[in-house]
Every structure is written in C-alpha cells, then in structure tokens.
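Single-letter residue listing:
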Amino acid sequence: VPREAWASKAPGVVNAEHLANRAGWHMLAIVRYGEWNTLLCAMAPRTCQLLGSRPEIVNCTLSNSNVMQLDPGGIVKPHFGNAPRLSAHLSLHAPEPE
C-alpha cells in the first residue's frame, strides 16, 4: 500500500480497536462488509486483485479485509476474532527478533 494512502483521508482510515499501545497501529479498510474501498484499490490494485480472487471474501457480505500499519515501537495486544470472524495476520515487513 503506497505511503500516501496512510496520510490520506481515504475511506477506512481508522485507529483500530484499542489493540495496540500508545505508539499505535492504523488500519486501512480494503473491504468492509462487502463494500470495496475503490480509492485504496486504485492505489494498490494487485492487493485488491488477490483479495478479490478469494471466494471466502467475495462471497461473504460480512467480509472485512484490512491493511494495518504498526508504528515504530508499537506493540499489538494479544487478541482473537469474535465469532463468526476469521482473523489472520500476515507480516509484510518485520524486524528480526533480538
């Protein structure tokens, strides 16, 4: 996701669920309850193509897919998806553990 997406007032820019410390994490919604964020998809078309190829996303009206950014020094609190929700996290860039 391009850096300008994080600075924009694009739909779906929110602080996520109080699951991080003060350094924080930020969320850009790609799909929210079956509605695609067309502005974000214009900035990251390959991401939207990949998600759009997944039947569990496109065939579900309750589907939510997001890109998260954890700020430097940020810590995500342990959490789980509430039913009926599948939560999966994939790190695109992470420092090596010390």
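Use the structure listed above.
Reading guide: rules and limits
- Residues numbered from 1 in each chain as written.
- Predicted model: local features only at pLDDT ≥ 70, side-chain atom pairs only at ≥ 80, totals over all residues.
- Heavy atoms only, no water.
- Helix = DSSP H or I, 4+ residues; strand = E, 2+ residues; numbered from the N terminus.
- Buried < 20%, exposed > 50% of the residue type's maximum accessible area, 1.4 Å probe, protein only.
- Contact = heavy atoms within 4.5 Å.

### A closer look at the overall build of the protein chain
Thinking step 1. Counting its secondary structure elements, the protein chain contains 4 helices and 4 strands.
Thinking step 2. Counting the 98 residues in the protein chain, one finds 26% classified as buried.
Thinking step 3. In the protein chain, once contacts between residues fewer than 6 apart in sequence are set aside, the share between residues at least 24 apart is 62%.

### With respect to the environment of tyrosine 33
Thinking step 1. Inspection of the secondary structure puts tyrosine 33 in the loop between β2 (25-32) and β3 (35-36).
Thinking step 2. On a C-alpha basis, the gap between tyrosine 33 and isoleucine 57 in space is 9.5 Å, while along the polypeptide they are 24 residues apart.
Thinking step 3. What tyrosine 33 contacts, discounting residues up to four positions off in sequence, is Thr61, Leu62, Ser63 and Asn64.

These results come straight from atomic positions and should not be treated as a statement about function.
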